[in-house]
Amino acid sequence: MTEVGPTAAASGSLWERDHEVAAVTRAVDTLCADRSSSGGLLMFRGEAGLGKTALLAQTRRIAEERGCTVWSARGGETLRSVPFNVVRQLLQPALVSLLPEEAREYLGDWYDIAGPALGIADPGGRQADPQGVCDGLVAAVRRLARREWPLVLLIDDAHWADQETLQWLAAFAERLHDLSVLVVVARRPGEAGGESARHLDAVAAAASRPETTLSALTPDATAGLTRATVGEHADAPFCREVWAVTGGNPYETVELLAKVQDSELEPTEPSAGELRALNRSARGGGLVARLEGLGIDATRFAWAAAILGTGISVDLVAQLATMGHDDAVRCAELLRSARILTVPDPANTRPGGGDLEFVHPLIATAVYNSIPDALRTAMHGIAAQIVTDSGLGAAAASRHLLQVHPDDDAELVGQLREAAREHLAVGAPEAARRCLERALEEPPRPEVHARVLYELGCAGLLTAPATTIGHLGAALAMPGLDGPARVDAVFRLSQALLHNDQLEQAVRTVEAEAARHEEGPARMRLRAVQYMWEGIYAGESATPGRSQRLAELARTCTGRDNSERALLILRAFDAMTHGESAEEVVELCDRALVNGRLAPGLGWTDTQWGVELLMMLGSSYAYADRLDRAENLFAEALRTYTTAGWSGGHLALANAFLGLAFRRQGRLKDAETVLRESLRLAERVGRGLPLYWSATCGLVDTLLARGHVEEAWTTAETYGFAPPYPSTIVLPDTRSVRGRLLLAVGRTEDGVNELEAAEKAAAARGGHNPVLAPWTVDLALALATEDPARAGRLAADARRQAERFGTDTAIGEALRCAAALETGQRKVRLAAQAVTYLEASPCQYEHAAARIEYGLAARSTSELNRGLTLARSCGADGLAMQARQGLAELEG
């Protein structure tokens, strides 16, 4: 037990906290020992009044005594709807010390991404990606931390932090291992729910030591604190009653003892009976009664301060409480004397922080809840007007607008819609959603109701697809959404249905809307979207004769606008997946470009068509042996999304498809690197989505090509790469890759079954590309011994399909399969032909495999050496081993 200490509230909260203070001291000493030391995170939790704030204050003192820079922030019960509120508080000391050009220099490429969220830069013209903003904030703090070492970050009342800050904190905590920063977090248990609780649990999991739960004071500690406060003559019965009344809660103990001093109560057994009444006056209803005893003006002042919650200045409170300046100053002094308000700790003072703050969050909550309901909503309305008039913007006023009673106010609906736009621009879609949902309660006027639903649907498009479907469906069912906005709403609704694994309904939704329009740009776009969703369907073709109609439609397209360019891309993708002429595929893709580049309005961050269309374009090039163009497209996607700060699903897809291009080229190490990054990003978005399957399937395929079979199997098991498969097409083909994996680990029967399932799926779709879905070749090789006749038919069929498609890669792979089923000179001739085709192919892995197989068939050390060199350059360790074994046998 701490034996001595000052009589202030902070010391009361630090009694019996030796263990916690020692942990803080060790963590700060470790931080200060070496600039290269890894970061640390301590998390303390406890019920209200158990001393979390005092422990953070002691942490500040310890850190500053050792020369640390300390930044602090605090969540607020009435401020949880303000996005980035806590992280802005945290970084203000650093931000205000930087000139704009210095801030841009320190934050680099992240300035335009994280700057708007931090309030130091204007938002861009489009909706910000929340994950990108989170990553930008992580990068911003990391860069500032390197400048400010040794740096300690203190976050109090984290259970009341806004969701955006908690997302950042969880991401930042994961990266502390390579950054010398100490983070200390305090929270109450059970106060947060949903995503906020999940983020807090992630922070706790990243802590340097198990989360510490603060306990109440023991009777002995309470007695020591009592005597240190009111005098050593306090007798044992009086001290025991103090403990019994307060339950050992440090805050309540300190407040009660302050009342004892104020009332000049003698700290002896005869006076102990009065303690319960004194304690009631310090909390809940007793506190309210004490506040009312100070007079109506002081009560109004306290209410206004509670409404503001933060930035409490005498002038601002005077405006809200509609009182003169002199009266406001007098009320502030009364409330300070009554230990309801206090002057902020100078160590925690930040720009815009105000002149006053509540002594404790418990008091702030009690005062706020004591305001009559009708008056509270009215005061929030006045506060919103004050914030708006001060020029802080609709987003800043929105937390007050959310509390105003619905009253059919068209102006309020407009303010909430504007606030939602501002929230979306800085990467806070949840805050935007709250504003728009509140706007619906007003309710909006009939002429704008559908627009509000449409905006609400767009705000939650990928974060809550099921909810989005309802909002957009309702918007489309009522008047007021016409022209391009209606077409866009239908497109976004179909996207949400796709994201919610309702692909069939997505197709039918677009098809029905297209039927409502006359021939023209709108109908052309909708028909293109319908063909797009049908084109990525992994099952039987949703519309009989679709490919033929698409081909006929594409013949009339010259690429004069983006609707026609989209149809050309869709026709190219359809032809590629069905194994039609690769030459025609490339010609269609080229016609969809403008001078070899993406047309304006059809770029990677343009939202009119969606990323799926451009992924179709790039993959059509990739499987038609134009890997240079595929790589350029996917590399451009990666650069564009990185620059724009889109680090969620879009960046995951860009990495996955760039990995596909690298895999096709034979750059297996590069492919593995970007595919692992894609899978990491996809994990953050959520399992089960098409982008998650693309990353996993591509990585398994690449590991198999490298010869890392055990690692491929482990990856498949870890990330659920097994049936049931998604309803959308995945590149490379899931069943073909899964079948090859099963064969590689010796599960031949299961592998054959999987490849036969791929055969049936291809038949249902009306054909397949033998390179995109190479099940024919793999199945033929698997059946070579058990059923050589069927294997031969499959190999012949693979060759016919390859010659129809016409790429060097397809024909070379078919010849490799045929050679594997032969012996003697015929095997040698076919292997030589495979080398000829694959030498002209851009796919170096397949070329290396063909060289090695030809070298083994012809017993040629020169061919094996050439194959070994190629295998090494590709990173194909399994092929390289095969070549070395062949050379050893020949040389032996």
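Higher on the page you've got the structure.
Computed from a predicted model, the values in this text were never measured in an experiment.

Along the protein chain, the regular secondary structure elements total 45 helices and seven strands. Taking the principal axes of the C-alpha coordinates as reference, the protein chain spans close to 110 × 75 × 50 Å. Across the 892 residues of the protein chain, 55% fall into the buried class. Counted over contacts in the protein chain with a minimum sequence separation of 6, partners at least 24 positions apart contribute 67%. When the accessible surface of the protein chain is totalled, it reaches about 35700 Å², and 50% of it is carbon and sulfur.

Turning to empty space enclosed by the protein, a few remarks are in order. Summed over all chains, the structure comprises four cavities of 30 Å³ or more. Approximately 60 Å³ is the volume attributed to the largest cavity. Looking at the largest cavity, the residues that line it are Ala-656, Phe-657, Gly-659, Leu-660, Arg-663, Leu-675, Ser-694, Gly-698, Asp-701, Thr-702, Leu-731 and Pro-732. Of all elements in the fold, only helix H33 (649–665) and helix H35 (690–706) reach the threshold of two or more residues within the lining of the largest cavity. Looking at the lining of the largest cavity, the element that brings in the most residues is H33, giving five residues. Looking at the lining of the largest cavity residue by residue, the class counts come to six nonpolar, four polar and two charged.

To continue, consider the environment of Asp-797. For Asp-797, the position within the fold is in helix H40 (residues 788–805). Residue class for Asp-797 comes out partly exposed when judged on its relative accessible area of 24%. As for Asp-797 and Ala-780, which are separated by 17 residues in sequence, their C-alpha atoms are 10.0 Å apart.

Helix length check: helix H32 (residues 627–644) (18 residues) gives 25 Å between terminal C-alpha atoms against 26 Å at 1.5 Å per residue, within 8%. What H32 keeps buried is the set Leu-627, Ala-630, Leu-633, Phe-634, Ala-635, Glu-636, Ala-637 and Tyr-641. Looking one or two places after H32, you find Gly-645, whose phi comes out positive at around 80 degrees.

Applying the stated criterion across every chain yields a total of 68 salt bridges. Between Glu-211 and Arg-187 there is a salt bridge; the shortest N-O distance is 2.9 Å. Taken together, the residues Glu-211 in the loop between helix H9 (194–205) and strand S5 (212–213) and Arg-187 in strand S4 (residues 181–187) connect sequence positions 24 residues apart. For Glu-211, a relative accessible area of 24% corresponds to the partly exposed category. Residue Arg-187 is classed as buried on the basis of its relative accessible area of 8%. Between Arg-747 and Asp-750 there is a salt bridge; the shortest N-O distance is 2.9 Å. Of the residues examined, Asp-750 reaches a relative accessible area of 33% and is grouped as partly exposed. By sharing partners, the salt bridges in this structure join Glu-534, Arg-546, Arg-571, Asp-574, Glu-580 and Glu-584 into a single network.

With that settled, consider the environment of Gly-51. Relative to the helices and strands, Gly-51 is located in the loop between strand S1 (40–45) and helix H3 (52–65). For Gly-51, a relative accessible area of 7% translates into the label buried.

Another aspect to go through is the packing of helix H20 (residues 394–401) against helix H21 (residues 410–425). The description of two packed helices rests on the angle between their axes and on the distance between the axes. Two elements in contact, H20 and H21, have axes separated by 8 Å at closest approach and are oriented at 125 degrees. When the axis of H20 is compared with that of H21, the two are oblique. With respect to the hand of their crossing, H20 and H21 are arranged in left-handed fashion. Taking contact as the criterion, the partners of Ala-394, Ala-395, Ser-398 and Leu-401 in H20 are, on H21, Leu-412, Gln-415, Leu-416, Glu-418, Ala-419, Glu-422 and His-423. Split into classes, the residues belonging to the contact of H20 with H21 amount to six nonpolar, three polar and two charged.

Turning next to the sheet that holds S5. Within the open sheet, the five strands sit side by side as S2-S3-S4-S1-S5. Their pairing is parallel. For this open sheet the edge positions go to strand S2 (69–74) and S5, each flanked by a neighbour on one side alone. Sheet analysis places S2 next to strand S3 (residues 151–156), joined by six bridges and oriented parallel. Bridging from a neighbouring strand, Trp-71 pairs with Leu-153 of S3. Across the face of the sheet, helix H2 (residues 18–33) comes into contact with S1, S3, S4 and S5 while running at roughly 165 degrees to S1.

Our next topic: the packing of aromatic side chains. According to the stated counting rule, one finds eight aromatic pairs in the structure shown. Centroid distance Trp-168 to Phe-172: 5.4 Å. Interplanar angle 20 degrees. Geometry classified as stacked. Here Trp-168 pairs with Phe-172, and both are found in helix H8 (residues 163–174), just four residues apart, close to one helical turn. Take Trp-168 and Phe-172: they sit in the same class, and that class is buried. Ring centres of Tyr-641 and Trp-646 lie 5.7 Å apart, and the angle between their planes is 10 degrees; on these two criteria the pair is classed as stacked. Since its relative accessible area comes to 0%, Tyr-641 is described here as buried. Against the face of Tyr-368 rests Arg-376, its NZ or CZ located 5.2 Å from the ring centre. Lying over the aromatic face of Trp-609, Arg-525 brings its terminal NZ or CZ to 5.6 Å of the ring centre.

Attention now moves to the side chain of Arg-486. Its location among the elements puts Arg-486 in helix H25 (residues 483–499). With residues near it in sequence (within four places) discarded, Arg-486 still touches Leu-476, Leu-481, Glu-513 and Arg-516.

Moving on, we get to unusual backbone geometry. Residue Pro-150 is reached from Trp-149 by a cis peptide bond, and omega for that bond is -10 degrees. Mapped onto the elements of the fold, Pro-150 is located in the loop between helix H7 (130–148) and S3. The backbone of Arg-339 shows a phi angle near 60 degrees, a positive value even though the residue is not glycine. As for its placement among the helices and strands, Arg-339 is situated in the loop between helix H17 (325–337) and strand S6 (341–342).

Attention now moves to the packing of helix H37 (residues 734–744) against helix H38 (residues 748–765). Two elements in contact, H37 and H38, have axes separated by 7 Å at closest approach and are oriented at 165 degrees. Judged on the interaxial angle alone, H38 and H37 are roughly antiparallel. With respect to the hand of their crossing, H37 and H38 are arranged in left-handed fashion. Together, Arg-735, Ser-736, Arg-738, Gly-739, Arg-740, Leu-742 and Leu-743 of H37 and Thr-748, Asp-750, Gly-751, Val-752, Glu-754, Leu-755, Ala-757, Ala-758 and Ala-761 of H38 make up the contact between the two elements.

This next bit is on the side chain of Arg-571. If you trace the backbone, Arg-571 turns up in helix H29 (residues 562–577). Side chain to side chain, Arg-571 and Glu-580 meet in a polar contact 2.6 Å long. If sequence neighbours within four positions are ignored, Arg-571 has contacts with Ser-547, Leu-550, Ala-551, Ala-554, Glu-580, Glu-584 and Leu-588.

For S4, a buried count of seven out of seven residues is recorded, marking the element as mostly surrounded by other parts of the structure. Looking at chain direction, S1 and S4 are connected through six bridges and run parallel. The partner of Leu-41 across the bridge, within S4, is Val-183. Here S3 runs beside S4; their pairing, made up of five bridges, is parallel. Looking at S4, one finds that Leu-151 is bridged to Val-181. With respect to chirality, the unit in which S3 leads through H8 into the neighbouring parallel S4 is right-handed.

Here the focus is the state of the cysteines. Under the defined criterion, the tally for this structure stands at zero disulfides. Looking at Cys-32, it has no disulfide partner, and the nearest cysteine sulfur is the one in Cys-68, 3.3 Å off.

Within the largest apolar cluster, 143 residues are counted, with the highest numbers of intra-cluster contacts made by Trp-533, Leu-567, Leu-570 and Trp-604. Looking at this core, the element that brings in the most residues is H33, giving 10 residues. Filtering out sequence-adjacent residues up to four positions away, Trp-604 remains in contact with Leu-598, Val-611, Leu-614, Met-615, Leu-633, Phe-634, Glu-636, Ala-637, Thr-640, Tyr-641 and Trp-646. Counting residues in hydrophobic clusters, the runner-up holds 53 residues, among them Leu-41, Phe-84, Leu-166 and Val-183.

Quick notes on the rules
- Residues numbered from 1 in each chain as written.
- Predicted model: local features only at pLDDT ≥ 70, side-chain atom pairs only at ≥ 80, totals over all residues.
- Heavy atoms only, no water.
- Helix = DSSP H or I, 4+ residues; strand = E, 2+ residues; numbered from the N terminus.
- Buried < 20%, exposed > 50% of the residue type's maximum accessible area, 1.4 Å probe, protein only.
- Contact = heavy atoms within 4.5 Å.
- Areas by Shrake-Rupley, 256 points an atom, 1.4 Å probe, with all protein chains shown as cover.
- 1 Å grid on protein atoms, 1.4 Å probe; cavity = no way out; pocket = protein on both sides within 12 Å on 5 of 7 lines; lining within 4 Å.
- Points joined across faces, edges and corners; volume = space filled by probe spheres on them.
- Nonpolar A, V, L, I, M, F, W, Y, C, P; charged D, E, K, R; others polar.
- Expected span 1.5 Å × (residues − 1).
- Salt bridge = Lys/Arg side-chain N within 4 Å of Asp/Glu carboxyl O.
- Axes fitted to C-alpha atoms, helices over the stretch in contact; angles between N-to-C directions.
- Parallel < 35°, antiparallel > 145°, perpendicular 65-115°, else oblique.
- Left-handed = near helix turned anticlockwise from the far one by under 90°.
- Pairing = 2+ DSSP bridges.
- Phe/Tyr/Trp six-rings, centres within 6.5 Å; stacked < 30°, edge-to-face > 60°.
- Lys NZ or Arg CZ within 6 Å of the ring centre and 35° of its normal.
- Polar contact = N/O pair within 3.5 Å; in protein donor to acceptor, adjacent residues only side chain to side chain.
- Right-handed = clockwise from strand over helix to strand, strands pointing away.
- Disulfide = S-S within 2.5 Å.
- Core = buried A, V, L, I, M, F, W, Y, C linked by side-chain atoms within 4.5 Å.

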